[in-house]
Amino acid sequence: MQIFNLADADQGFIDEVEARSHQNVKTCYQCGNCTAGCPYTFVYDYSVSQIMRLVQTGQKDAVLKCRSIWLCGSCQSCTTRCPNKIDVAQVMDVCRHMAREEGYATERSVKIFADSFLESVERHGRAYELGLMASYMTRSGRVFTDVDLAPQVLMRGKLPFKPHPIQGREQVTRIFERFRKGGKNA
Amino acid sequence: MPAQDVRELRIVGFLCNWCSYGGADTAGVGRFTQPTDLRIIRVPCSGRIDPLFIVRALMNGADGVLVSGCHPRDCHYAEGNFYARRRLEMLKRFLPITGIDERRFEYTWVSASEGQRWQHVVTEFTRRIHELGPAPSFNPKSDVDWNALAVKASQGQGCPCHGSIQA
Amino acid sequence: MLKVAYYPGCSGQGTSLEYDTSTRAVCKALDVELVDIPDWSCCGSSPAHTVNHVLSAALSARNLAQVETMGMTKAATPCPSCLTNLRTAAHKMDDPEFKDKVNALLDVPCRNAVDTQSVLQVLAENVDPELIKGKVVKPLTGIKIACYYGCIMNRPPEVMRFDHHENPMAMDNLMALLGAEVVPFPLKVECCGASYGIPRGDIVHRLSGKLLDAGRDVGADAIVTACPLCQMNLDLRQGQINDALRENFRIPVFYYTQLLGYALGIDRAELGFEKLCVDPRLALGRIKQPQQAM
Amino acid sequence: MRIGVFICHCGSNIAGTVDCPSVAATALTYPDVVFSTDTMYACSEPGQDAIIQAVKDKNLDGVVVASCTPRMHEQTFRRAVERAGLNRYMFEMANIREHVSWIGKTKDLNTGKAAELVRMAVEKLRRNRPLVAKRFETVKRVLVIGGGVAGIQAALDCADGGQEVVLVEREQSIGGKMAKLDKTFPTVDCSSCVLGPKMVDIAQHPNITLYTCSEVESVGGYVGNFQVTVRRKSTYVDWTKCTGCGLCVEKCPSRKHPDPFNENLCNAPSINIPFPQAIPKKAAINASSCLMLTKGKCGLCAKVCPVKCIDFEQKDELVNVDVGAIVVATGYDLFDWHKYPQYGEGRYKDVITSMQYERLLSASGPTGGHIKRPSDGKEPKNVVFIQCVGSRDKSVDRPYCSGFCCMYTAKQAILTKDHIPDSQSYVFYMDIRSPGKMYDEFTRRAMEEYGAQYVRGRVAMIYPKGDKLVVRGADTLAGTQVEVPADLVVLAVGAESAKGAVQLGEKLRVAPDQYGFFVESHPKLKPVETNTAGVFLAGACQGPKDIPASVGQGSAAASKVLGLLSKAMLESDPAVSRVNPARCVGCGKCIQTCPFGAIKEIQDRFGNPKAEVIDTVCQGCGICTVTCPQGAIQLEHFTDNQILAEVNALCPPKMFANFE
């Protein structure tokens, strides 16, 4: 197991998480209610309450390297049930943002899916499902993802072959461009 | 805001012994830091506070007066704070007539257990008074600084001690 | 007649086409006018907010701005995922500082003057139940239904402001109104695995499997949802789930609008039952045909 | 006038952020101040001696001490100056700790402020005059409100101390929450066996008058002389005749309304005696469900009653009692767990409260002491206890710890194993709070000897699966999520202030805190006193308490009462209003406004109406002083001149001379 030196708590990290999530992580008293409600715990390496704890103790690396922040489904169970009214899902989100910015991708497939999705939105203004599937498969190399579903989907015309581009798609593209210029503090 | 870095203003507080004075004590015991401008006069009950006291304080050049008593229905003397409320409401309407900015006077209710609330009340009121600036003096040394002050204050530029006027 | 700006959401153009068509049909039947938002764009869905909140809000805000240009203040979407993004964006933009950051990314600034609701909320709160009752031509008598709301239509309550965050009843009440036997479904707001179907199928198999299992436990003939993603995970992936968990679920998963439309006697073509992967005929067969009046 | 000023360091409490010597130096420049010094601890014995010495050496006739709040040590120093031969009212305090050193960051600002507070005190003291207390009789009778274990203890101790006691209880029987409990921790002895005898003592004690089904209607007067009106609610049974034979209870045909004593686990007859050991053991009719009172037909109880004590015409009765002191022991209520929707909001029959579980365990309970779950009467095998339901939870506005839940949960886990040997208990907890003699050992026994499985974490949701309830919680020690298929779920609901406590507080002029618990006079030094002289607190009405603590406080309150009433005469605070007949025009406004009827109209020798204050009745609020259009009535020790002197000390008069 990993041993933490509490003396190297990264205060800057704690402050940034608190500032970007508008939450006061010190109010967490580790009752575990977030973990208790979290449907994703079974795929986590650190449970939600442990993530909160690691943030409290400023263990930046451990948090940003972990899988859990990539696997959170933002189902809001933790946020809704926290006795200290902490928006835990928000904290998880922010940790994921910071992980991305620092170049981590512990759950590669999840990251690639998100990227492919946004790329398709950026290009067409709307999510083009077939297109993003294709780009996801090529990027992730998992070319057989859900092929078993293909007949179902195509037979029932669930996935149109053409995207539905919109007139305003440049506007959408510009959103992304401006965002990239602005960087994280956009 | 706290008034640390700037000149203190003169704020007088009238507190009832049973609730608000206790609340201020609770705030102290809890070490709830507050601006230091306020000076507290202890009276048995907010019903003991004669509007005259407040007017006198303001006439004598107090920059603000804060009154606090027990919450309605919690008065140690059953109904003192109801009398207080009537009198102080009257006073509020009356102050402008005497040429005193009614924002320089406030009354509120704080119980003996509400230390944090007291900290909030004091901090907020002190901030307000500093925004209003020092009360225009009734016997200015010269008309010039008198007017300058009045103008500054009316422009809401806060108290000159923030540098604007001495500079 | 009630008028709301309508945001179909991307999946409405593809995987959940039938949800979109049936939604339009029932709203028409119930005198709720859905005015399409011109040239609407993707709300960013979950991928966006997992990347950055300002970006996510901007993608949603563009659409809110579109609604504002329509001169409307109330919008509705069938998709809870879109709903969450649109509402969360609006909620966050209450903070002027955040709002400025968002508008900095937009061509047309958003005034944040639009209240977005789910179509379900619009129907539940603005349409008189008696009116619906009166329009029912084929009561759903005989079918046992479990209503599944998904995790984000009601959570967090501070943002979503609709129904109950642990035990929502809007769909239950609606289905009961149509004559169906609504069985109490214990996992109404449990997550189905959301958008992890593609990158992490295993997650969806486990979580959606739990839901189907619960549905079977309470003896439901069918599960009714209000969310394209939930429907897809439970329906399209039911086969995968059976393989993964060595189960043999055969529970059809309807959109509530499909059954509502069915009860209102709307043309089957608009309801798109044929698009469901798990064959709904058996379940629909349980519905007792109303006696013809002599 | 010769004034001495003493600036207290209070160790570093004041000296830390106030330059005490310089304050003392400044004080020397104030009018009439002839001596000024700073001292380490003014309240300590050497500190007080120094004051007394200075008074003698410098023949001072007034003393100012600048230290902590007067609410803390004013009495202490008044006694000191008295020992020095001065009148106790020739003393003033400046609060430079709570109001200065503890709240201000910067030393020079604090020092300046302290000096000004001292100046205020000096200016006021210059206008003080010696005051002498009046003495008055007290009523040798005590009112105890609430017949739970705390009230019972207070009543018995006062009665044994020779005082007359009136005990008022809202419910039909005394005993309170403790009477509902099966066993008590940490000894696991039978609750009713411990409490029963005390309840009987109440009934039999010659000095105690017991009013149950009664509530305090109004309270007037002041310490030593309270006038209380008690409403005795109609029970439709003449208790002077009722023998408690229970025949009516057997025969009553209307048994549809839930039984509050059994926490609504079962129904009760409309005429009922709540439990076998009830005191008084008398029947009472529930008006809302009685067929006779609702529909006008039945009356079976009246027919079967051997002593003919049923009286459907009975009305509420108001009883007036004069008492010298009041003990408030109104206890607590249980948190309404329905505020946790994730626990089913009552949709799941087998999710019950800890108090309901006590009734299931109790031999006098609805199941005769056999644990049967409400849904199907089956004996549960897996029992899950969830702690901190309505405790330490901001989201339901209950951030405080209820204190006793950890212990009763351990007790219930132990009893579960005793009742059902092949059962398994699971306890979800956040932290185990078990300070107290043999307490922690007790919780350890629950785990070590009785095999209760303690799981550290909260429970996020409960949902039915088959005939079980799946409890999904966290095990933060294992760092993961856990699920337990439970047959029965027991919620350890926390304590909140008793219903109606706030309203009663208004009648007694005792302020509640933000959660409705009554505020004691001083958290450390006056735990059972209130800010209203003659009114004392006992038990959980002041904050959640377990049985030993409540009993202890009951005795503590009793000792305060006995101390108070042991004096033949009480001294009234001489800081009361005084009329200047020369100025009084007899308009009578003061008489109208006085909340205590302490001012009466008299006639001077020319027959002109004048106001006169009844010293012992006046409470010294000063409302009259502000009301008087002539300034003829002045509140001693807080006269207009004294207060204006303080104002002037802070804001020196500018354009106009002051007219004092």
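## Regarding the overall build of chain B
Broken down by element type, chain B carries five helices and four strands. The buried share of chain B, taken over its 167 residues, is 55%. For chain B, the accessible area works out to roughly 6600 Å², and carbon and sulfur atoms hold 55% of it.

## What to know about the overall build of chain C
When helices and strands are tallied, chain C shows 15 helices and eight strands. Its C-alpha atoms put chain C at 60 × 50 × 30 Å along the principal axes. Considering chain C as a whole, with its 294 residues, one finds that 66% of them fall into the buried category. Long-range contacts, defined as pairs at least 24 residues apart, comprise 77% of the intrachain contacts of chain C with a sequence gap of at least 6. As presented, chain C carries roughly 10200 Å² of accessible surface, and 53% of it is formed by carbon and sulfur atoms.

## Notes on the domain arrangement of chain C
All names here are of chain C. Partitioning chain C into domains gives domain 1 (2-120) and domain 2 (137-293). On a C-alpha basis, the centres of domain 1 and domain 2 stand 24 Å from each other. Of the residues lining the interface, 26 residues belong to domain 1; the matching set on domain 2 comes to 29 residues. Summed over both sides, the interface between domain 1 and domain 2 buries roughly 2200 Å², with carbon and sulfur atoms accounting for 74% of that surface.

## A short note on the state of the cysteines
This model, assessed by the stated rule, comprises two disulfides over all chains. One disulfide bridge connects Cys19(B) with Cys70(B), the sulfur atoms lying 2.3 Å from each other. What sets the handedness of the Cys19(B) and Cys70(B) disulfide is the S-S torsion sign, and at about 100 degrees it is right-handed. With Cys19(B) in the loop between β1 (11-16) and α1 (20-29) and Cys70(B) in the loop between β3 (64-69) and α3 (80-94), this residue pair connects regions lying 51 residues apart in the sequence. Neither residue differs from the other here; Cys19(B) and Cys70(B) are each classed as buried. Between the sulfur of Cys190(D) and that of Cys193(D) lies a disulfide, 2.3 Å long from S to S. Since a negative S-S torsion denotes a left-handed disulfide, the Cys190(D)-Cys193(D) link at about 85 degrees is right-handed.

## Looking at the side chain of Asn84(A)
With respect to the secondary-structure elements, Asn84(A) resides in the loop between α6 (77-81) and α7 (88-101). Only 3.0 Å separates the side chain of Asn84(A) from the backbone oxygen of Thr27(A), close enough to count as a polar contact. Residues contacting Asn84(A), with those up to four places away along its chain left out, are Thr27(A), Cys28(A), Tyr29(A) and Lys394(D).

## Let's talk about the packing of helix α5 (residues 107-125) of chain D against helix α18 (residues 640-650) of chain D
Residues and elements named next belong to chain D. Relative to each other, α5 and α18 sit at 145 degrees, their axes nearing to 8 Å. Classified by chirality, the crossing of α18 by α5 is right-handed. Touching Glu116, Arg119, Met120, Glu123 and Lys124 of α5 are Gln642, Ala645, Glu646, Ala649 and Leu650, all from α18. Its residues assigned to classes, the contact of α5 with α18 shows four nonpolar, one polar and five charged.

## Some points on the sheet that holds strand β4 (residues 91-95) of chain D
Working definition: the strands of a sheet are paired by backbone hydrogen bonds and lie parallel or antiparallel to each other. All names here are of chain D. An order of β2-β1-β3-β4 is seen for the four strands of this open sheet, with the pairing classed as parallel. Where the open sheet ends on each side, the last strands, each with one partner, are β2 (33-39) and β4. The average angle at which neighbouring strand axes cross in this sheet is 15 degrees, direction not considered. Against the sheet, helix α3 (residues 70-83) engages β3 (62-67) and β4, with an angle of about 150 degrees to β4. Strands β1 (3-8), β2, β3 and β4 of the sheet are contacted by α5, whose axis makes an angle of about 160 degrees with β4.

## Details of the pattern of salt bridges
The final tally for this structure, using the stated rule, is 86 salt bridges over all chains. Lys465(D) is paired through a salt bridge with Asp213(C); the nearest N and O atoms lie 3.0 Å apart. Of this pair, Lys465(D) sits in strand β24 (residues 459-465) while Asp213(C) sits in helix α10 (residues 201-217), which puts the two residues in different chains. On the basis of relative accessible area, Lys465(D) is assigned to the partly exposed category, the value being 34%. Salt bridges linked by common partners bring Asp213(C), Arg216(C), Asp217(C), Glu247(C) and Lys465(D) together as one network.

## A few points about the sheet that holds strand β27 (residues 488-493) of chain D
Residues and elements named next belong to chain D. Reading across the sheet, the five strands line up as β20-β27-β21-β22-β23 and stay open at both edges, with parallel pairing between neighbours. Strand pairing shows two members of the sheet lacking a second neighbour, β20 (351-353) and β23 (453-456), which therefore form its edges. Across the sheet, the mean angle separating the axes of adjacent strands is 25 degrees when strand polarity is ignored. As defined by bridge partners, strand β22 (residues 424-429) adjoins β23 across four bridges and the pair is classed as parallel.

## A short note on the confidence of the model for chain C
For chain C, the mean per-residue pLDDT works out to 95, and 99% of the residues sit at or above 70. The ipTM for the predicted assembly is 0.87, set against a pTM of 0.89.

## A closer look at the interface of chain A and chain C
On the chain C side, the residues contacting the 61 residues of chain A number 59 residues. For the pair chain A and chain C, the summed buried area comes to about 5300 Å², and 59% of that belongs to carbon and sulfur atoms. Counting the surface chain A buries against chain C, the share from its top three residues, Arg126(A), Lys158(A) and Ile175(A), is 13%. The interface formed by chain A and chain C contains six salt bridges. For Glu107(A), the salt bridge is made with Arg200(C), and the minimal N-O distance between the two is 3.1 Å. Taken together, the links from chain A to chain C amount to 28 residue pairs in polar contact (both at pLDDT 80 or more). Those elements that place two or more of their residues in the side of chain A that touches chain C are α5 (68-71), α6, α7, α8 (108-124), α9 (129-140), α10 (150-155) and α11 (169-182) of chain A. Split into classes, the residues belonging to the side of chain A that touches chain C amount to 28 nonpolar, 18 polar and 15 charged.

## With respect to the pairing of strand β5 (residues 144-148) of chain C
Residues and elements named next belong to chain C. Within β5, four of the five residues are buried, which leaves it mostly tucked inside the rest of the structure. Looking at chain direction, β5 and strand β6 (residues 181-182) are connected through two bridges and run parallel. Each residue of the ladder has a partner; that of Ile145, found in β6, is Val182. Pairing geometry for β5 and strand β7 (residues 222-225), over four bridges, is parallel. Of the residues in β7, the one forming a bridge with Ile145 is Ala222.

## What about the packing of aromatic side chains?
The geometry of an aromatic ring pair is captured by two quantities: the separation of the ring centres and the angle between the planes. One pass over the structure, following the stated rule, counts 26 aromatic pairs over all chains. On the numbers, 6.3 Å between centres and 85 degrees between planes, the contact of Tyr77(B) with Phe596(D) is edge-to-face. With Tyr77(B) in the loop between β3 and α3 and Phe596(D) in the loop between α16 (589-593) and β32 (599-603), the pair connects residues from two separate chains. When sorted by exposure, Tyr77(B) lands in the same class as Phe596(D), which is buried. Consider the rings of Phe77(D) and Phe91(D), whose centres lie 5.9 Å apart with planes at 35 degrees: the pair is tilted. Linking Phe77(D) in helix α3 with Phe91(D) in strand β4, this pair joins segments that are 14 residues apart in sequence. Overall, the relative accessible area of 1% leaves Phe91(D) in the buried class. Among the aromatic residues, those joined into a cluster by ring pairs are Phe113(A), Phe117(A) and Tyr136(A). The lysine or arginine in question, Arg206(C), covers the ring of Phe42(A), its NZ or CZ lying 4.2 Å from the ring centre. Positioned above the aromatic ring of Tyr332(D) is the side chain of Lys177(D), whose terminal nitrogen or guanidinium carbon lies 5.1 Å from the ring centre.

Analysis parameters
- Residues numbered from 1 in each chain as written.
- Chains lettered and ligands numbered in written order.
- Predicted model: local features only at pLDDT ≥ 70, side-chain atom pairs only at ≥ 80, totals over all residues.
- Heavy atoms only, no water.
- Helix = DSSP H or I, 4+ residues; strand = E, 2+ residues; numbered from the N terminus.
- Buried < 20%, exposed > 50% of the residue type's maximum accessible area, 1.4 Å probe, protein only.
- Areas by Shrake-Rupley, 256 points an atom, 1.4 Å probe, with all protein chains shown as cover.
- Contact = heavy atoms within 4.5 Å.
- Domains from an automatic or database assignment.
- Buried area = accessible area lost by both parts, 1.4 Å probe.
- Disulfide = S-S within 2.5 Å.
- Polar contact = N/O pair within 3.5 Å; in protein donor to acceptor, adjacent residues only side chain to side chain.
- Axes fitted to C-alpha atoms, helices over the stretch in contact; angles between N-to-C directions.
- Left-handed = near helix turned anticlockwise from the far one by under 90°.
- Nonpolar A, V, L, I, M, F, W, Y, C, P; charged D, E, K, R; others polar.
- Pairing = 2+ DSSP bridges.
- Salt bridge = Lys/Arg side-chain N within 4 Å of Asp/Glu carboxyl O.
- pLDDT = per-residue confidence, 0-100.
- Phe/Tyr/Trp six-rings, centres within 6.5 Å; stacked < 30°, edge-to-face > 60°.
- Lys NZ or Arg CZ within 6 Å of the ring centre and 35° of its normal.

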